Amino acid sequence: PQPDLILLDIHMVPYTGFEMLKMIRSQPEYDPISVVALTASVMNEEIQMLQSAGFQSVISKPLDLDSFADVLQQIMAGEKIWHI
C-alpha cells in the first residue's frame, strides 16, 4: 500500500529533501501523494523555493505538537499549508 502523505525533512543526509522529492516524483505511482517539507528554514525566499520544487505544503520546525495533528488533517483534506 502507498502512503497518503510523505513528510520530508529538508536537511537530511545523504539526500536533501529536494533530492528525495525528485526521486519520489520520478515514480509515477507516487504522483497523487502530497509531499510536505519539514524545515527550520522558513524565510520567504526559502518558502518560494519549496513551492517551486513541488512541495504541497511546509511545516516549520520545531513542530508545534498541539497543532500538528490538525495541520496534518488539513493537508490530508487537500489544503495547502505554508505554516511558518
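First things first, this report covers the structure right here in the doc.

Another aspect to go through is the overall build of the protein. Secondary structure assignment for the protein yields three helices and four strands. Counted from the first residue to the last, the protein has its helices and strands arranged as β-α-β-α-β-α-β. Relative to the compact-globule value of 12 Å for 84 residues, the protein shows a C-alpha radius of gyration of 12 Å, a close match. Expressed as a percentage of the 84 residues in the protein, the buried residues total 32%.

It is worth spelling out the pairing of strand β2 (residues 34-39) at this point. For β2, the tally of buried residues reaches five of six residues, placing the bulk of the element in the interior. Taken together, the five bridges between strand β1 (residues 5-9) and β2 define a ladder with parallel strand orientation. If you follow leucine 7 over to β2, its bridge partner there is valine 36. For the crossover that starts at β1, traverses helix α1 (residues 17-25) and ends in the parallel β2, the hand is right-handed. Of the pairings in the sheet, the one linking β2 to strand β3 (residues 57-60) comprises four bridges and is parallel in character. By the bridge assignment for β3, alanine 37 is matched with valine 58. Traced from β2 through helix α2 (residues 44-53) to β3, the parallel crossover comes out right-handed.

What follows is about the nonpolar core. Grouped together as the largest cluster of nonpolar side chains are twelve residues: Ile6, Leu8, Ile10, Leu21, Ile24, Ile33, Val35, Ala37, Ile47, Leu50, Phe55 and Val58. Listing elements by their share of this core, those giving two or more residues are β1, α1, β2 and α2. Residues within four places of leucine 50 in sequence aside, it is in contact with Ile10, Phe18, Ala37, Thr39, Phe55, Val58 and Trp82. Among the nonpolar cores identified, the runner-up in size contains nine residues, and Val36, Leu38, Phe68 and Leu72 belong to it.

Before going further, it helps to examine unusual backbone geometry. Cis rather than trans, the peptide bond between valine 13 and proline 14 has omega equal to 5°. Among the structural elements, proline 14 can be located in the loop between β1 and α1. Cis geometry marks the peptide bond from lysine 61 to proline 62; its omega dihedral reads 0°. Mapped onto the fold, proline 62 is located in the loop between β3 and α3 (68-76).

Our focus in this paragraph is the pattern of salt bridges. Opposite charge on two side chains allows them to pair when their charged atoms are near. A full pass over the atoms with the stated rule returns one salt bridge. A salt bridge links aspartate 9 to lysine 61, with the nearest nitrogen and oxygen atoms 2.7 Å apart. Of this pair, aspartate 9 sits in strand β1 while lysine 61 sits in the loop between β3 and α3, placing them 52 residues apart in sequence. Overall, the relative accessible area of 32% leaves lysine 61 in the partly exposed class.

Rules behind the numbers
- Residues numbered from 1 in each chain as written.
- Predicted model: local features only at pLDDT ≥ 70, side-chain atom pairs only at ≥ 80, totals over all residues.
- Heavy atoms only, no water.
- Helix = DSSP H or I, 4+ residues; strand = E, 2+ residues; numbered from the N terminus.
- Rg over C-alpha atoms; globule rule 2.2 N^0.38 Å.
- Buried < 20%, exposed > 50% of the residue type's maximum accessible area, 1.4 Å probe, protein only.
- Pairing = 2+ DSSP bridges.
- Right-handed = clockwise from strand over helix to strand, strands pointing away.
- Core = buried A, V, L, I, M, F, W, Y, C linked by side-chain atoms within 4.5 Å.
- Contact = heavy atoms within 4.5 Å.
- Salt bridge = Lys/Arg side-chain N within 4 Å of Asp/Glu carboxyl O.

Fair warning: the whole summary comes from geometry, so function is off the table for now.
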